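Spelled out, the chains give:
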Amino acid sequence: MNTTRHWPKRAFILSRALSRAFSDTPSPTFPLKHVTRSNFDSALVELRSHVRAADFVAIDMEMTGVTSAPWRESFEFDRFDIRYLKVKDSAEKFAVFQFGVCPFRWDSLKQSFIAHPHNFFVFPRQEIPLDRTSYEFLCQTTSMDFLAKYQFDFNACIHEGISYLSRGQEDEARKRLISPKGDQLTHLSHNLRETMDLPLVRVADVLFTERMKKRLGEWRDDLLQNRVGGPQEEKVPDDLNQQFRTVFFKMRPALSLDGFTSHQLSLIRMVTRKHFKDLTYVCFNGESTSEELVVYTDSESDKARLMEEVKNDHQRSAEMKINAAVGFRHVIDLLSSENKLIVGHNCILDIAHVHSKFLAPLPSTAEEFVSCVNRYFPSIIDTKILLNADYTLQRKMKRSSTSLSSAFSLLCPEIAHGFTRNVLSYEPCVKVEVHVDEMRSSNWNSGAKHEAGYDAFMTGCVFAQACSHLGIDFQLHSPSENLTQNEKLQKHMNLLYLSWINGDIIDLRTGNRSAELSGSNMIRKPYRKILFKNIVLLWGFPSKLKPSMIRDCICKTLGPSSVISTYCIDQTAVFVQFSKAELASDFLNLKETLEQSNDAISHLHPLSQLLEGGNTRAASYETYKEICASPISKVLFADQAEAVGIKWKTELLPSDKEESHDNTRSHLESGMDSPQAVQKSKTRNTEDVVNDSSNKRFCDDIIDSFLKVEKIRRTTNL
């Protein structure tokens, strides 16, 4: 009896359970809105409403490459300002093919974030002629192969990618297309008088102008005779019927000119101006093509009105073309104007691309760069900063990679798998629901990694989960609350990893190097302190020499503890870090002296192996900065230095104070070469070297060794 009574209720519960079971089946693909030229305008309207309602916006990009040469990779020996120069070079030389934008809004009713992932295909197409050169960019083979591995649609990018103009390019376009062009289109400018009065030096030009003068006169006379009945069909040769067609322009009768060359049109323009006061030559740019017309006007005032109407039409048409050419930068302007929290993952290069492509050319210093970025995007969060800011997060990440995909899988397993698993080991995860057009989904298969829209979505999910670990309770989050003002996020805001290798963090508020986050050394091994004034840059040495061999050559000269380390830039260049700055100066002075000498002692010197061939160059660390700052990118560092224009063999350091020389004396009394003597005279001769007591002992040892080797060689030959 009871079973029968409760059957409808049980059936309803079973029905709901089955419905949930089927609804939990993940969608075959991740819901992602792909945006190209064909749907950009409508997508921009939707995105604008999503961004305005968002609590934060996650971004990501796919580029054509990262480094233009192996020596432009991020090195342990890169100083803070050098790291920025390498980021600058990458952003200037490579293109952005995809730009992911994903607004996240907290829904208090559903207790989850609503994400709207957009995947924009971008291509630097030249929509309006700013100059005669087309855009150029580099493609790194490893990056292109990487994109192809993840099924990147290169055809969609090139054929349907959205073009763009930076703010500077837009200003230039307005000057070129709006300001000076109005008078040129109507051909009334007094500056064009010489163009209109073309010299008729050819018989063909004379005959053509007379023919046009007769043809225009007949057309004008026919208009005046038939003003009541309108223009009548004229009896003219077939070829002229094809080239002249009577139309109406701005409620005025006009002749449309087709099939003429540019030179012939110039002649027609001249004839119209010189012989017909009531006819006006007009070049009208339509939406797709331009049209050459000769228009009839009743009076001078009517002609003036026509000129003003044509000029206004041109300005409106130019405005439309420029706005269309601005293209994807409308998205950047939207993100900037709405002043939302921008979230990226290890995003210093992304921000540099935004500056270079859409704002202005990148400045030469990090301080200028962050000043501009902070003006347009005052609130930026790098999720890689957050992952290293909390001990609990670091322990959860353990020693695994802090890449975006690893962080997404570890911190957001339920979202990453697209459906809820009843696994006790999973910790509660901030819920996320995806909305794309009319489709809403919380269940899907894993998306396409390294597709900018999906990577932006992953970045936003990692940020939300990291915020939860930092103690931000989104269940208490109100729609009026601004995450940019959240106290727990403030200390992590506007800090970006300039280099993950050394933990260099740049503060976007000041441009200065920020102290590394507490606890971040748990993941990376601590690197030794580098004194850049102690570093000498060497390049162009014999290819057979390895860094360890170079170190041995120097240590034989200046002592076993003179060199702390050598670091390979590429096969043509190394850094040598000396234990003291004075030793770096002594080495450069000694190198120059040996190269100026051409005697037996110089050839037997331990450094002779390093100087063999006469192409070895040496300089201070500042020369490295000069080379990195150049826009030139040669594959080999030695070629780069030559292309930059560094021709001298040795760049000597400024003279140190007297006490610095006293500090080196005790080190040099061990029987090694005496840089003290070198410091007194950079051009000392062979007698100076031999007379120096320490060098004399050293040279005697070399000569004895040489004689022993020669004796053994002769005995062996016998």
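Provided above is the structure to which this section pertains.
So, a few notes on the structure that sits alongside this text. These figures come from a predicted structure and were not determined experimentally.

As a further point, take the layout of surface pockets. By volume, the largest pocket amounts to about 1100 Å³. Taken together, 37 residues make up the lining of the largest pocket; nearest its centre are Met63, Val66, His345, Asn346 and Leu349. Looking at the lining of the largest pocket, the elements that each hand over two or more residues are β2 (56–63), α3 (80–93), α4 (141–149), α14 (348–359), α18 (404–411), α20 (452–469) and β14 (495–499). Each residue belonging to the lining of the largest pocket can be placed in one class, and the counts come to 14 nonpolar, 13 polar and ten charged.

It is worth spelling out the pairing of strand β20 (residues 617–620) at this point. The alternating pattern of β20 places Arg617 and Ala619 on one face and Ala618 and Ser620 on the opposite face, and all of these are buried. Relative to β20, strand β17 (residues 535–539) runs antiparallel, the two being bridged by four bridges. Considered in β20, the bridge of Val536 is made with Ser620.

For the rest of this paragraph, the subject is the sheet that holds strand β15 (residues 504–507). Taken in spatial order, the three strands of this open sheet run β14-β15-β16, and their pairing is antiparallel. Of all strands in the sheet, those bounded by a partner on one side alone are β14 and β16 (513–514). As judged from the four bridges shared by β14 and β15, these two strands associate in the antiparallel manner. Its bridge partner being in β15, Leu495 is matched across the sheet by Asp507. Its contacts with the sheet place α3 against β14, β15 and β16, and it is angled at close to 90° to β14.

By secondary structure assignment, the location of Ser499 is in strand β14. On the basis of relative accessibility, which here comes to 3%, the residue Ser499 falls in the buried class. In the structure, Ser499 is positioned 153 residues away from Asn346 in sequence and 9.1 Å away in space, judged by C-alpha atoms. With residues near it in sequence (within four places) discarded, Ser499 still touches Ser74, Arg83 and Asp504. Of the polar contacts made by the side chain of Ser499, one reaches the side chain of Ser74; its length is 3.2 Å.

About the criteria used
- Residues numbered from 1 in each chain as written.
- Predicted model: local features only at pLDDT ≥ 70, side-chain atom pairs only at ≥ 80, totals over all residues.
- Heavy atoms only, no water.
- 1 Å grid on protein atoms, 1.4 Å probe; cavity = no way out; pocket = protein on both sides within 12 Å on 5 of 7 lines; lining within 4 Å.
- Points joined across faces, edges and corners; volume = space filled by probe spheres on them.
- Helix = DSSP H or I, 4+ residues; strand = E, 2+ residues; numbered from the N terminus.
- Nonpolar A, V, L, I, M, F, W, Y, C, P; charged D, E, K, R; others polar.
- Buried < 20%, exposed > 50% of the residue type's maximum accessible area, 1.4 Å probe, protein only.
- Pairing = 2+ DSSP bridges.
- Contact = heavy atoms within 4.5 Å.
- Axes fitted to C-alpha atoms, helices over the stretch in contact; angles between N-to-C directions.
- Polar contact = N/O pair within 3.5 Å; in protein donor to acceptor, adjacent residues only side chain to side chain.

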